[in-house]
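In case you want the letters, here they are:
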Amino acid sequence: MVKTTRVRAGLAILAVVSLALGACSKDEEPAKNASGPIKIGISLPLTGDFSEPGKGIKEGYELWAETVNASGGMLGRQVELIFRDDASDPNRVVSDYESLITQDKVNLVFGPFSSRLVIPAAQVAEDNTMLFVEPAGAAKEVFTQGFKYLFYAAPAVANDHYNYLAEYILALPADQRPKTAAYASLDDPFAKGTAYGLRDKLAAGGIKTVADEVYPPENTDFAAIAARIASKKPEIFVGGTQFEDSVGMLRALQELKVQPKLVAFSTGPTLPEFPEAVKGASEGVLSPVGWALNATYPTNKEFVEAHKKKFGKEPSEDQANGFTVGQVVAAAVKAVGCADPTKDCQTKLAEHIRGGKFDTVVGPLSFDDNGRPEQAHMIQQYIKGKVEIVLPKSSAVQTAELLFPKPAW
Amino acid sequence: MPSGSLLLQGLALGVLTGGLYALLSSGLSLYFGVMRVVMVAHPAFLFLAAYLTYSLHNKAGLDPLLTILVTVPLFFAAGVAIQRLLIARLAAETMAMMSVLLTFAMALVIEGTLGAVYTGSFRSINPEYATKSLDLFGTQLPYDRLIGFGMAALTLAALFVLLKVTRFGRSLRATIQHPQAARLVGIKTERVTGLGFGVGLATAAVGGAVLAIITPFFPAAHWAWIGKLMAIIVVGGLGSVQGAAIAALLLGVVESLVLVTVDATWATMMFYIFLFLTLLVRPQGFFGGRLAQRF
């Protein structure tokens with residue numbers, strides 16, 4: 001008994017001392033801040049619902065930091081990334097950014113994944129007047145909060161993802177053009193935004209909406225939703241999806257023997273696991289995509305090579321989006337010449353991004369007053385088991401003609 | 001108004017899904033019935049089993065349904081070990097509450113381990129029959145669901161025989177009904193309790209194999225199931241395996257019919273509406289008989 005008490009007392013003293021030491025070292029930090037590394041604070045969903053894309057974005061950020069540091073850093077200072085895991089939880093993401101800004105006293109912050117986490121996180125950045133460039137908050141609600149420091153570093157907001165596809169469908173000759181369309185979307189601002197963007201354009205062009213379903217994220221059963229859609233025999237099916245639900249939906253439609261002429265899903269088919277998860281049924285499936293492996297934009301080839309070298313695999317859109325955030329911020333820091341967490345510097349950086357045009361791996365980017373990117377997404381399609389870029393037509397990125405109608409699954 | 005054929009299709013899918021729910025929730029009833037343990041980690045074990053099925057299918061080439069020959073004994077042993085080494089140490093008075101904490105921790109450990117070993121990527125098993133369906137008078141019955149229903153029926157039948165006919169089953173039921181009295185007539189209740197927990201976890205091995213062929217999965221997938229399965233066992237009558245099975249079928253059909261007639265948001269809400277109704281009207285559950293625990 002005596003022994004354990006002594007051990008406990010010892011541990012307690014140790015704990016107190018180490019706490020005190022920790023506090024001291026924190027106090028000294030601001031003094032070193034101007035010359036030490038440029039610290040960038042990031043919270044990402046590394047566990048929970050968004051862990052998969054969260055990890056992808058993290059790799060993109062890490063690769064960007066390594067690339068920058070290899071070429072001498074920003075403003076002659078090395079870049080250091082500080083990651084937090086918000087477990088896909090909107091409350092955690094808020095406390096993460098608060099502590100990164102007030103306790104770690106980071107110089108800059110980068111955004112998390114998905115609109116659901118971006119909105120609360122951007123509010124923290126806004127309150128602390130910190131520039132907030134983010135890789136994955138494309139829902140229209142992100143841009144209607146009056147944020148002044150937020151920029152979405154990708155080609156297009158959710159509602160515009162399918163623009164090229166809408167143009168293509170409406171330009172088909174009347175005898176080939178489908179007449180009915182069904183939509184099923186996850187109740188998530190981004191996923192819904194993509195599907196509704198296309199729905200509204202097609203409906204305005206005279207294509208009748210015969211089914212329009214929304215399901216909550218915890219939905220596990222797609223068979224009955226598919227049954228509703230099957231009963232309408234739509235010629236177009238559009239899924240406002242993430243991954244799990246795109247596979248669930250596709251399998252359920254297949255089981256109910258629905259054969260639309262054109263099928264599009266928002267996110268699932270852009271992930272490498274998709275073809276395996278649905279076996280042969282991926283053929284002809286369309287998807288909007290913000291980045292392409294073989295796009296000829298400057299720095300894209302180098303990005304792909306460096307990614308293969310560091311992680312031993314080809315990057316996906318998530319890694320590209322993370323990398324793009326770094327590219328935009330780095331260009332702004334270089335042009336403005338500061339990276340301090342002060343209101344003055346952060347405002348200058350935001351002003352610069354609002355007015356500028358930036359070369360990135362997803363193409364040249366520019367932003368409107370609310371931080372919306374002003375470009376458009378490409379459309380990809382599985383043709384003979386390979387991912388091809390089919391729209392925009394006769395552009396430098398197109399690799400194949402769109403396959404329509406799609407083969408039966 | 002939805003057409004008759006759509007309603008029929010919804011009903012058919014509802015019965016099949018209900019069977020799946022019955023299989024997935026049967027273990028939960030056992031744990032609660034035998035030892036008042038609220039096993040929050042049960043869905044996490046389901047997905048652990050799904051991942052093991054995935055590995056055995058991909059690495060050893062086993063048919064997903066045959067993998068249960070390996071996973072069922074494994075899970076049974078793990079269940080006995082967990083009960084004897086961890087849950088048995090909890091104080092009896094606070095068992096229901098503390099078991100939530102303990103098993104919540106287990107769920108997090110399983111999720112973290114799966115994430116570390118298999119990464120967060122989605123995995124799926126796609127046997128030939130996964131996307132085919134049986135056409136019965138214009139109603140489509142997907143084979144993967146039919147198999148799930150069949151496995152559920154077999155497992156529940158086996159469980160029923162085990163509980164009603166065998167000597168072990170009689171001691172287990174005696175332990176559920178009155179542990180002190182069971183001890184007085186010479187039943188080794190600690191041993192029986194451990195084995196009961198093992199049987200509960202073994203059902204998770206079967207459930208995981210079925211889930212693996214029906215849906216793609218990732219380490220955090222279990223959270224979506226906890227609420228549904230808990231609602232089922234409360235509606236059915238806590239601690240009653242038959243009650244949970246009936247409630248599972250009922251809720252599966254209700255969910256599916258609401259899905260085809262209203263929408264998915266209301267369908268998901270049905271589980272909680274039934275949970276509230278049960279607590280208001282009949283807190284001991286609807287199908288549990290007189291021995292079901294009041295919630």
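Look up a bit, the structure's there.
Scoring rules and cut-offs
Counting from 1, residues in each chain are numbered in the order their sequence is written. Naming scheme: in the order in which they are written, chains are lettered from A and ligands are numbered from 1. Only residues with pLDDT of at least 70 get local features here, since the model is predicted, and only at 80 or more are side-chain atom pairs given and counted; chain-wide, interface and lining totals rely on the full set of residues. The side-chain figures draw on all heavy atoms in the structure; neither hydrogens nor water molecules are used. Two residues qualify as a contact provided that any one of their heavy atoms is within 4.5 Å of a heavy atom in the partner residue. The term buried area denotes the loss of accessible surface (1.4 Å probe radius) that occurs when two parts are joined, taken as the sum for both partners. In what follows, salt bridge is the name for a side-chain nitrogen of Lys or Arg lying within 4 Å of a carboxyl oxygen of Asp or Glu. Polar contacts here mean pairs of N or O atoms no more than 3.5 Å apart (in protein, one a potential hydrogen donor and the other a potential acceptor; neighbouring residues in sequence count only if both atoms are side-chain atoms). What counts as a helix is a DSSP run of H or I of at least four residues, what counts as a strand is a run of E of at least two, and both are numbered from the N terminus. Amino acid classes used here: Ala, Val, Leu, Ile, Met, Phe, Trp, Tyr, Cys and Pro are nonpolar; Asp, Glu, Lys and Arg are charged; the rest, including Gly, are polar. The criterion for a disulfide is a pair of cysteine sulfur atoms lying within 2.5 Å. Residue burial is assigned from relative accessible area. The probe radius is 1.4 Å, only protein chains are included, and a residue is buried under 20% of its type maximum, exposed over 50%, and partly exposed in between. Under the convention used throughout, the expected extent of a helix is 1.5 Å for every residue step, that is, one less than its residue count. The bend reported for a residue corresponds to the angle between axes fitted to the seven residues ending at that residue and the seven starting there. We call two strands paired when DSSP finds no fewer than two bridges between them. Angular values range over 0 to 180 degrees, each being the angle between N-to-C directions of two axes fitted as lines to C-alpha atoms, with helices fitted over their stretch in contact.

1. A few points about the interface of chain B and chain A
No. 1: Residue-level contacts link 43 residues of chain B with 31 residues of chain A.
No. 2: Summed over both partners, the interface of chain B with chain A buries about 3200 Å², with 51% contributed by carbon and sulfur atoms.
No. 3: By the criterion of area lost to chain A, the three top residues of chain B are F122, N126 and T131 of chain B, representing 19% of everything that side buries.
No. 4: Between the two partners, chain B and chain A, sit 1 salt bridge.
No. 5: In this structure, R145 of chain B and D221 of chain A form a salt bridge, with 3.2 Å as the shortest nitrogen-oxygen distance.
No. 6: Summed over the shared surface of chain B and chain A, the result is 13 residue pairs in polar contact (both at pLDDT 80 or more).
No. 7: Elements with a minimum of two residues in the side of chain B that touches chain A: α1 (4-35), β1 (133-136), β2 (139-142), α5 (143-164), α8 (189-214), α9 (223-236), α10 (241-261) and α11 (264-281) of chain B.
No. 8: Residues of the side of chain B that touches chain A, tallied by class, amount to 20 nonpolar, 14 polar and 9 charged.

2. A short note on the state of the cysteines
All names here are of chain A.
No. 1: Following the criterion strictly, the structure yields 1 disulfide over all chains and no others.
No. 2: For C338, the disulfide goes to C345, at an S-S distance of 2.0 Å. Measuring the twist about the S-S bond at about 100°, one finds the C338-C345 disulfide to be right-handed. The same class applies to C338 and to C345, which are both buried.

3. Digging into α1 of chain B
Residue and element names in this part refer to chain B.
No. 1: End to end, α1 covers 46 Å across 32 residues, agreeing with the expected 46 Å (1.5 Å per residue, within 8%).
No. 2: A bend of about 35° at S25 is the largest found in α1.
No. 3: In terms of burial, α1 is a largely internal element, 26 of the 32 residues being buried.
No. 4: One or two steps after α1, the chain reaches R36, where phi turns positive at roughly 55°.

4. Section: the pattern of salt bridges
Residue and element names in this part refer to chain A.
No. 1: Taken as a whole and judged by the stated rule, the model has 16 salt bridges over all chains.
No. 2: With a shortest N-O distance of 2.6 Å, D104 and R84 are connected by a salt bridge. Remark: R84 occurs in strand β2 (residues 79-85) and D104 occurs in the loop between α3 (90-102) and β3 (108-110); sequence separation between them is 20 residues.
No. 3: When its relative accessible area of 23% is taken as the criterion, R84 is described as partly exposed.
No. 4: Put simply, R372 and D368 hold a salt bridge, and the shortest N to O gap is 2.9 Å.
No. 5: Note on R372: relative accessible area 24%, which makes it partly exposed.
No. 6: By sharing partners, the salt bridges in this structure join R199, D200 and D212 into a single network.

5. Some words on the sheet that holds β3 of chain A
All names here are of chain A.
No. 1: Pairing is parallel in the open sheet, where 5 strands are placed in the order β2-β1-β3-β4-β5. Single-partner strands in this sheet number two, and they are β2 and β5 (150-152). Averaged over all pairs of adjacent strands, the angle between their axes in this sheet comes to 25°, without regard to strand direction.
No. 2: Examined bridge by bridge, strand β4 (residues 132-134) and β5 share 3 bridges and lie parallel to one another.

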